[in-house]
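# Architecture and fold: a report
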Amino acid sequence: MKKSVKVMMMAAAMMALAGCSSNKAPETTAAPAETTAAATTGETTAAQAEETTTMPEGVAEIVDGTFTVGIGQFAEHGSLDNCRTGFLQGLADEGIVEGKNLTVLYENAQADGGTASQIMDNFLAKKADVICAIATPIAQSAYSAAKKDGVPVIYTAVTDPVLAELAGADGTPVGEITGTSDKLPVEKQLEMIRKMLPDAKKIGIMYSTSEINSVSAIEEYKAAAGNYGFEIVESGISTTADIPLAADNLLGKVDCLNNLTDNTVVSSLPLILDKAAKKNIPVFGSEVEQVKIGCLAAVGLDYVKLGEQTGKMAAKVLKGEKKASEMNFEVIEEAAFYGNNKVAENLGVEIPAELADSAAGLFDEITVK
Amino acid sequence: MTIVLGVLEEGLIYAIMALGVYITYKILDFPDLSVDGTFPMGAAVTAMLILKGVDPVVTLVLAFLGGAAAGCVTGFIHVKMKVRDLLSGIIVMTALYSINLRIAGKSNVPIFSKETIFENEWLTNHVPEALDPYVVTIILLIIVVICKILLDLYMQTRSGYLLRAVGDNDTLVTSLAKDKGMVKIIGLAIANGFAALAGCVYCQQKGFFEISMGTGTMVIGLANVIIGTKLLKKFGAVKATTAVIVGSIVYKACVSLAIALGMGASDLKLITSVLFLGILVFSNMQDGRGKTHA
Amino acid sequence: MLELNHIGKYYNAGTVNEMCLFDDFSLTIQDGEFVSVVGSNGSGKTSMLNIICGSIPLDAGSIKIGGKDITRMPEYQRQRRIGRVYQNPAMGTCPSMTILENMALADNKGKPFNLLPGTNRQRIDFYREQLHFLGLGLEDKLEVKVGVLSGGQRQAMALLMSTMTPIEFLILDEHTAALDPKTADIIMELTDKVVREKHLTTIMVTHNLRFAVEYGNRLLMMHQGNAIIDKCGAEKAEIKIESILDKFNEISIECGN
């Protein structure tokens with residue numbers, strides 16, 4: 001018995017040690033969490049200054065009471081980080097401000113399903129008032145963990161809540177769970193590609209077979225491509241290691257590449273862009289971050305805005321104005337055009353004035369991450 | 001309380017899989033990576049069957065059989081095609097990735113709206129409301145105890161004796177006029193059956209299948225087995241199967257503790273390996289000799 | 001009756017390193033014979049046993065037991081009629097299982113290994129009796145794991161286990177070589193007792209010339225894949241250690257050492 005106790009103590013001591021060395025304080029109170037969030041997304045927020053600074057920051061009156069929100073993010077990823085930033089901003093707009101009347105518990109599952117459900121148990125144990133789940137798998141974990149305690153879950157960056165069974169076919173919640181979808185504006189993207197490349201015929205799309213969102217997006221692209229005179233050439237991969245070969249293969253067959261929000265592919269985007277640039281093949285993105293790092297253009301979502309919209313929904317639940325089960329999930333209303341002049345110049349492609357004028361963002365350089 | 005129940009639930013689910021890893025790692029001395037594929041396979045099979053309206057209890061059996069079939073393939077590749085143990089597992093694990101996608105049809109299949117062994121009409125009608133938070137844990141406990149007892153009983157049969165003998169000294173199995181290859185295949189089949197059963201239970205409890213859920217299953221299983229057997233070694237009377245179950249719960253408790261202490265998931269794997277190493281080293285120091293399986 | 005007909009076994013065939021172990025080697029062993037095999041290292045003694053048991057494949061020739069050709073039969077199937085004790089005492093028992101469980105395993109040889117209880121409780125008295133026959137007191141340690149027994153005790157058990165079920169051949173592969181002289185003597189006496197009691201046809205490979213001379217009714221000396229001495233019956237009984245030793249020296253000089 002003595003021995004096993006010793007082992008346990010040793011284990012605990014080791015964890016405590018590891019805890020000290022990690023940059024997060026054991027009790028994630030508001031202040032340090034904010035620093036972390038700011039640190040990881042600092043670059044993004046700065047770059048998007050033109051949008052975020054116009055927001056009426058801090059104007060809202062601080063709401064009475066104290067709230068605890070557990071934010072569980074599925075993976076470390078630019079778009080998802082933006083969602084989180086936006087979510088906190090959305091709450092702040094409604095008078096629920098981190099560090100004042102809001103305690104934020106933040107965990108990242110690093111794309112591990114087992115960890116995801118333990119994160120949820122941890123949030124429940126710490127009596128979170130609302131759980132915010134960022135991305136599909138963790139939203140599902142959150143739903144199955146929280147439903148027995150009746151804790152409301154607000155999700156975001158779930159492409160198809162109906163398919164994920166987080167909402168009924170008519171969009172009504174299946175329980176105390178609602179949120180926002182980051183469904184890609186497929187038609188608008190195809191329309192934009194047609195305007196940019198009037199002669200293109202084949203669009204190559206690379207996606208990982210393990211990501212449900214990508215699989216359903218591919219289906220949608222295939223269904224809509226004909227309307228714009230395109231043919232979709234798909235290439236499924238299962239790990240990052242497959243990407244170089246798949247990219248070489250795909251680039252030989254198509255006129256341009258189109259990129260989804262596929263986590264695996266996006267994380268290897270610089271490699272794909274490099275290969276495509278050598279062959280002078282344009283790559284289209286699906287959101288602003290991808291355009292910044294070298295995609296030609298995108299009709300995409302602003303994940304910060306998506307997060308804000310989600311944060312406002314969470315605020316309603318926290319303030320008791322509405323229950324999660326009373327709100328249908330929402331999609332972001334408008335998709336914006338983003339273009340990269342530098343990439344266009346390199347490729348010898350002109351961004352049509354019609355698009356350039358309506359652009360939510362045009363970048364003159366390629367940001368190397 | 002939530003966290004304790006959470007740890008018990010997670011620990012018990014993984015305990016089923018760890019019983020399988022116990023067979024391959026401790027008894028057969030076979031580092032079987034195919035469990036990384038059979039765990040999600042059990043979940044994929046379950047999600048599909050439940051969507052087709054098959055009784056959730058029946059899926060337990062079918063998932064086990066599916067896993068056992070995959071285990072046979074690993075065994076066949078190793079024994080008959082003479083591929084090294086680790087490689088046989090990797091081959092099957094890789095193949096199962098695609099097969100699981102085929103079985104499930106897509107990479108994420110939710111079954112939230114369906115009846116499962118944890119949520120069904122019978123339970124709603126028969127279980128008093130006060131017990132509601134404990135239902136999942138109780139059902140899991142029943143499943144795990146049944147698995148443990150069946151495995152213990154099997155180990156006392158003639159076939160079980162042979163399985164124990166093959167890991168210990170396979171020359172003896174040949175001397176007993178038995179094909180040691182067949183015995184290994186049987187062992188792998190049972191082990192992967194347990195892994196798939198765990199995947200089946202996991203899927204029913206979480207309410208969805210996700211293709212990536214199997215990543216690292218083998219490592220968790222190994223950790224469970226090693227933590228359990230090393231921690232409980234002093235208590236000679238404790239059966240190894242019991243130790244494995246305790247190990248699974250202890251492991252999940254440690255992970256949970258790490259999360260509760262505010263450690264990021266990015267550090268979790270490191271902590272796991274440090275914990276792992278710590279227990280091995282500590283246990284070896286207690287033995288006074290450096291002899292270990294690992 | 002065991003027949004080895006025109007056995008050929010080569011290593012690295014077709015390369016410059018080709019090594020011929022057996023070339024057209026034939027041997028017949030009659031039922032009831034106790035054959036002691038001696039010879040220097042690399043003379044083919046253990047290879048002969050491995051060929052009989054099927055542990056290594058043949059390049060030429062055939063093997064028959066009781067007139068039935070078993071050349072292509074896999075090793076484990078041959079073992080049904082053969083009992084084998086190895087040089088290493090660990091090879092014949094299961095260390096992590098108890099004495100009782102080991103006995104039960106051996107007792108089940110040749111029967112199906114199904115889901116019936118591994119240990120038949122009604123046989124325990126029989127196992128006790130068998131262990132008592134060894135005279136090592138193991139009958140009182142049924143629940144002890146075999147792994148904690150000494151090499152001699154384990155080898156005695158291995159001998160008992162390999163002869164527990166009816167077999168046609170007992171193969172002893174230097175089974176006393178890893179034991180101290182006193183234990184080796186005890187095991188050798190036991191072997192003789194078991195062989196006589198069960199009327200087993202036995203092949204014993206040994207480096208102990210005294211054992212080779214004292215035990216058995218036929219003696220083979222192997223050299224370069226051939227039997228250069230083969231004496232049985234009365235001729236065998238007259239052989240002295242010295243004459244074998246002389247022969248040994250003779251072939252060693254031939255080989256240049």
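Because the structure is predicted, anything quoted here is derived from the model rather than measured. (Residues numbered from 1 in each chain as written. Chains lettered and ligands numbered in written order. Predicted model: local features only at pLDDT ≥ 70, side-chain atom pairs only at ≥ 80, totals over all residues. Heavy atoms only, no water.)

A word on the interface of chain B and chain C. Contact residues are listed per partner, giving 19 residues for chain B and 31 residues for chain C. Summed over both partners, the interface of chain B with chain C buries about 2300 Å², with 60% contributed by carbon and sulfur atoms. By the criterion of area lost to chain C, the three top residues of chain B are B:Arg158, B:Tyr161 and B:Leu176, representing 31% of everything that side buries. With its nearest N and O atoms 3.0 Å apart, the salt bridge here joins B:Arg164 to C:Glu101. The tally of links from chain B across to chain C stands at 12 residue pairs in polar contact (both at pLDDT 80 or more). Put simply, the parts of the chain that give the side of chain B that touches chain C at least two residues each are helix H7 (158-168) and helix H8 (170-175) of chain B. (Contact = heavy atoms within 4.5 Å. Buried area = accessible area lost by both parts, 1.4 Å probe. Salt bridge = Lys/Arg side-chain N within 4 Å of Asp/Glu carboxyl O. Polar contact = N/O pair within 3.5 Å; in protein donor to acceptor, adjacent residues only side chain to side chain. Helix = DSSP H or I, 4+ residues; strand = E, 2+ residues; numbered from the N terminus.)

Next up on the list: the packing of helix H3 (residues 56-79) of chain B against helix H4 (residues 85-104) of chain B. Residue and element names in this part refer to chain B. Viewed as axis vectors pointing N to C, H3 and H4 meet at an angle of 140°, and their least axial separation amounts to 9 Å. It follows from the interaxial angle that H3 and H4 lie oblique. In the crossing of H3 with H4, the sense of the turn from one axis to the other is right-handed. Counting all contacts with H3, which are made through Ala70, Val73, Thr74, Ile77 and His78, the residues of H4 involved are Asp85, Ser88, Gly89, Ile91, Val92 and Leu96. (Axes fitted to C-alpha atoms, helices over the stretch in contact; angles between N-to-C directions. Parallel < 35°, antiparallel > 145°, perpendicular 65-115°, else oblique. Left-handed = near helix turned anticlockwise from the far one by under 90°.)

Counting through the fold element by element, B:Arg158 comes out in helix H7. Within the buried set, B:Arg158 has no salt-bridge partner at all; the shortest N-O distance to an opposite charge, 7.3 Å, is to C:Asp107. If we ignore the near neighbours within four places in the chain, the residues touching B:Arg158 are C:Asn108, C:Pro112, C:Phe113, C:Asn114, C:Leu116, C:Pro117 and C:Gly118. (Buried < 20%, exposed > 50% of the residue type's maximum accessible area, 1.4 Å probe, protein only. Lys, Arg positive; Asp, Glu negative; His and termini not counted.)

The next point concerns the layout of surface pockets. By volume, the second largest pocket amounts to about 1100 Å³. Lining the second largest pocket are 45 residues, with A:Ser210, A:Ser238, B:Tyr97, B:Ile211 and B:Ser212 positioned closest to its centre. At the level of elements, helix H4 (78-93), helix H6 (136-146), helix H8 (212-225), strand S7 (231-237) and helix H10 (263-267) of chain A together with helix H2 (35-51) and H4 of chain B are the ones that each hand at least two residues to the lining of the second largest pocket. The biggest single contributor to the lining of the second largest pocket is H4(B), with 7 residues. (1 Å grid on protein atoms, 1.4 Å probe; cavity = no way out; pocket = protein on both sides within 12 Å on 5 of 7 lines; lining within 4 Å. Points joined across faces, edges and corners; volume = space filled by probe spheres on them.)

Let us look at the arrangement of the chains. The structure contains 2 pairs of chains in contact, of which chains A and B account for the largest number of contacts. At no point do chain A and chain C touch; the closest pair of C-alpha atoms across them sits 24 Å apart.

Let's shift gears to the sheet that holds strand S12 (residues 336-340) of chain A. Residues and elements named next belong to chain A. Overall, mixed pairing links the 3 strands, which are arranged S10-S12-S13 in an open sheet. The two strands at the open ends of the sheet, each matched to only one other strand, are strand S10 (297-300) and strand S13 (361-363). If you compare each strand with its neighbour and ignore which way they point, the axes differ by 10° on average. Where S10 and S12 come together, 4 bridges link them in antiparallel fashion. Its bridge partner being in S12, alanine 297 is matched across the sheet by glycine 339. Its contacts with the sheet put helix H7 (residues 186-196) on S10 and S12, and the angle it makes with S10 is roughly 155°. (Pairing = 2+ DSSP bridges.)

Take empty space enclosed by the protein next. Under the counting rule described, the total for this entry stands at 8 cavities of 30 Å³ or more. As a volume, the largest cavity reaches approximately 120 Å³. B:Leu172, B:Ser175, C:Arg84, C:Ala158 and C:Ser162 are the residues nearest the centre of the largest cavity, which is lined by 15 residues in total. Elements with a minimum of two residues in the lining of the largest cavity: H8 of chain B together with strand S6 (82-85) and helix H5 (151-162) of chain C. For the lining of the largest cavity, the element with the most residues is S6(C), which contributes 4 residues.

Right, let's get into H6(A). In an α-helix, one full turn covers 3.6 residues, which means residues spaced three or four apart are oriented alike. Most of H6(A) is tucked away: 11 of the 11 residues are buried. Within the span of H6(A), buried status applies to A:Thr136, A:Pro137, A:Ile138, A:Ala139, A:Gln140, A:Ser141, A:Ala142, A:Tyr143, A:Ser144, A:Ala145 and A:Ala146.

Residue and element names in this part refer to chain B. Axis separation between helix H1 (residues 2-27) and helix H10 (residues 217-231) bottoms out at 8 Å; the angle between their running directions is 80°. Here H10 runs roughly perpendicular to H1, going by the angle between their axes. Listed contacts from H10 to Tyr14, Met17, Ala18, Val21, Tyr22, Tyr25 and Lys26 of H1 are Thr217, Ile220, Gly221, Leu222, Asn224, Val225, Ile226 and Thr229.

Residue and element names in this part refer to chain A. The strand order across the open sheet formed by 6 strands is S2-S1-S3-S4-S5-S11, and the pairing between neighbours is parallel. For this open sheet the edge positions go to strand S2 (102-108) and strand S11 (330-331), each flanked by a neighbour on one side alone. Where strand S1 (residues 67-73) and S2 come together, 7 bridges link them in parallel fashion. The residue of S2 that forms the bridge with glycine 72 is glutamate 107. Along the sheet, H4 makes contact with S1, S2, strand S3 (130-134) and strand S4 (153-156), crossing S1 at roughly 165°. With respect to the sheet, helix H5 (residues 113-125) is in contact with S1, S2 and S3, its orientation differing from that of S2 by roughly 165°.

It is worth spelling out the nonpolar core at this point. Nonpolar side chains in soluble globular proteins generally cluster together in the buried interior. In terms of nonpolar packing, the biggest core is built from 187 residues, with A:Ile131, B:Phe209 and C:Leu105 touching the most fellow members. Dropping the residues within four chain positions of it, A:Ile131 is found in contact with A:Gly70, A:Met120, A:Phe123, A:Leu124, A:Ala142, A:Ala146, A:Val151, A:Pro152, A:Val153 and A:Ile154. A:Leu184, A:Tyr228, A:Phe230 and A:Ile351 belong to the second largest nonpolar core, which has 32 residues in total. (Core = buried A, V, L, I, M, F, W, Y, C linked by side-chain atoms within 4.5 Å.)

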